[in-house]
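Chains, contacts and geometry: an overview
Each chain, letter by letter, is given below.
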Amino acid sequence: MVTCLLYEYAADLVIYLPMDMDIFVENLNRKDIIVEGFTSEVVARNDRGDIILTNLTGPIVAENDAGNVNIRFSELSQSSPTSIVVVSGDIDISMPRDAQANITSKVNRGEFYTDFDINPIFEKNDRSDARKFVGKLNDGGVGLFLHNLKGDIYLRKPQ
């Protein structure tokens, strides 16, 4: 565990770790969290700043109170589910075209946008919640849970 006691306006803290190590990053100092190139579990929690995760396979747990979450998957691991929760900000995820997932998405004050062909699943209890979407991407797979209270969710194919 690494604890940074720097003043909130101090220079960035950069740490290099093996790419197959599970990591937990928490930031309370109004800075962005940036994680690149991990093939293991990443847990990221931020209070006021963006979470930027690139070239990852997951699983990922990301929580952000006031900021965006941007994730670029190199592939989507089928080992454990991924969960992204944002209070105020956007969720923007890019994943390979052949990624397989069972998607549960909920937006309270925002919209869900995607350029994937997702087969919707309507369970009996889900029809009463118009802001919730459940579907299978590429015949389904690992769970992908996306919840945004005050912002949009974007699920995209890679550019």
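Residues numbered from 1 in each chain as written. Predicted model: local features only at pLDDT ≥ 70, side-chain atom pairs only at ≥ 80, totals over all residues. Heavy atoms only, no water.

Within the element layout of this structure, Asn64 appears in strand E5 (residues 60–66). With relative accessibility at 1%, the residue Asn64 sits in the buried group. Polar contacts involving the side chain of Asn64 include one to the main-chain carbonyl oxygen of Asn68, which spans 3.2 Å. Not counting residues within four places of it along the chain, the set of residues in contact with Asn64 comprises Asn46, Asp47, Gly49, Asp50, Ile51, Val69, Val85, Val86 and Val87. (Helix = DSSP H or I, 4+ residues; strand = E, 2+ residues; numbered from the N terminus. Buried < 20%, exposed > 50% of the residue type's maximum accessible area, 1.4 Å probe, protein only. Polar contact = N/O pair within 3.5 Å; in protein donor to acceptor, adjacent residues only side chain to side chain. Contact = heavy atoms within 4.5 Å.)

In terms of nonpolar packing, the biggest core is built from 32 residues, with Ile60, Ile84, Ile93 and Met95 touching the most fellow members. Residue contacts for Ile93: discarding those within four places in its chain leaves Ile71, Arg72, Phe73, Ile84, Leu146, Tyr154, Leu155 and Arg156. (Core = buried A, V, L, I, M, F, W, Y, C linked by side-chain atoms within 4.5 Å.)

With that settled, consider the pairing of strand E14 (residues 153–156). With burial as the criterion, only one face of E14 is covered, namely that bearing Ile153 and Leu155; the residues Tyr154 and Arg156 on the opposite face remain uncovered. Relative to E14, strand E8 (residues 91–94) runs parallel, the two sharing four bridges. Within E14, the residue paired with Ile93 across the bridge is Leu155. As paired elements, strand E10 (residues 112–114) and E14 share three bridges and run parallel to each other. What sits directly across from Phe112, in E14, is Ile153. (Pairing = 2+ DSSP bridges.)

Function cannot be read off these values alone, since they describe shape.
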